[in-house]
Amino acid sequence: MKPKKEKNKKLSPEQCHILMEKGTEPPFTGKYLYNKEKGIYLCANCGNELFSSNEKYDSGSGWPSFWNPISKKNVKTKGDNAFLMNRTEIICSKCGSHLGHVFDDGPKPTRLRYCVNSLALNFKKEKKK
Ligand code: FE
């Protein structure tokens, strides 16, 4: 099933390639890689809440990395045998867009590394109280 592009959403060709065709942005190019602000990362296509700055960490991989999603309900994982590499794909559970891959070399407590393309995300900054 190919994810559907949301109506009225402005996505660049690069974003469409990642979200709809499982592309990957070049490492160390994403705009959220070094983002340390508090807030929520949303699906660039449908706005589903995916990751929080609380679970973001510097993995050194070149992509924004999280040790857990906001909720297991918001993010789906799927085996991906593309290029004969055994990877687990991360998918937005609401719209089916491809986000990145999850690996098992992350930090405690989950030991997971959700490796996500910046182009698949939008950042919503936490409002100051
Ligand atoms: Fe989505």
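Here goes a summary of the coordinates provided. (Residues numbered from 1 in each chain as written. Predicted model: local features only at pLDDT ≥ 70, side-chain atom pairs only at ≥ 80, totals over all residues. Heavy atoms only, no water.)

## Overview of the overall build of the protein chain
So the rule is basically this: A run of H or I in DSSP becomes a helix once it reaches four residues, and a run of E becomes a strand once it reaches two; helices and strands are each numbered from the N terminus. Restricting the calculation to C-alpha atoms gives the radius of gyration, and the globule rule supplies 2.2 Å times the number of residues raised to the power 0.38. Burial classes follow relative accessibility: with a 1.4 Å probe on protein chains only, a residue under 20% of its type's maximum area counts as buried, one over 50% as exposed, and anything between as partly exposed. Every residue pair with non-hydrogen atoms within 4.5 Å of one another is taken to be in contact.
In terms of regular secondary structure, the protein chain is built from one helix and nine strands. Seen in sequence order, the protein chain has helices and strands lined up from the N terminus as α-β-β-β-β-β-β-β-β-β. Here the protein chain has a C-alpha radius of gyration of 14 Å; the compact-globule value for 129 residues is 14 Å, and the two agree. When the backbone C-alpha atoms are referred to their principal axes, the protein chain occupies close to 40 × 35 × 30 Å. Burial analysis of the protein chain (129 residues in total) assigns 47% to the buried set. Considering only intrachain contacts with a sequence separation of at least 6, the fraction spanning at least 24 residues in the protein chain is 54%.

## A short note on the sheet that holds strand β9 (residues 121–125)
To be explicit about the condition: Pairing between strands requires that DSSP locate at least two bridges from one strand to the other. The angle between two axes is taken between their N-to-C directions and runs from 0 to 180 degrees, where each axis is a line fitted to C-alpha atoms and a helix contributes only its stretch in contact.
Taken in spatial order, the three strands of this open sheet run β2-β1-β9, and their pairing is antiparallel. Single-partner strands in this sheet number two, and they are β2 (49–52) and β9. Between one strand axis and the next, the sheet turns through 30 degrees on average, direction left out of account. Inspection of the sheet shows strand β1 (residues 39–43) paired to β9 by five bridges, in the antiparallel sense.

## A closer look at the coordination of the iron ion
For the record, the criterion: Coordination partners: N, O, S within 2.8 Å of the metal, 3.2 Å for Na, K and Ca; water not considered, so apparent gaps in a site are possible. Metal sites are grouped by the angles between bound donors: all angles between 85 and 135 degrees with four donors is tetrahedral, opposite donors over 155 degrees apart with the others between 65 and 115 is square planar for four donors and octahedral for six, and any other pattern is irregular.
Summarising the metal site, the iron ion is bound by the protein donors C43 (SG), C46 (SG), C92 (SG) and C95 (SG), whose distances to it range over 2.3 Å. Classification of the site at the iron ion rests on its four donor atoms, whose angles at the metal span 101 to 113 degrees, yielding the label tetrahedral. Take C95: its relative accessible area is 9%, and that puts it in the buried class.

## Digging into the side chain of H101
Filter applied, for reference: Residues adjacent in sequence count toward polar contacts only when both atoms are side-chain atoms; beyond that, a polar contact is any pair of N or O atoms within 3.5 Å, and within protein one must be able to donate a hydrogen and the other to accept it.
Tracing the chain through its elements places H101 in strand β7 (residues 98–103). Side chain to side chain, H101 and R87 meet in a polar contact 3.5 Å long. Those residues in contact with H101 that sit more than four places away from it in its chain are D80, R87, T88, E89, I90, R113, Y114 and C115.

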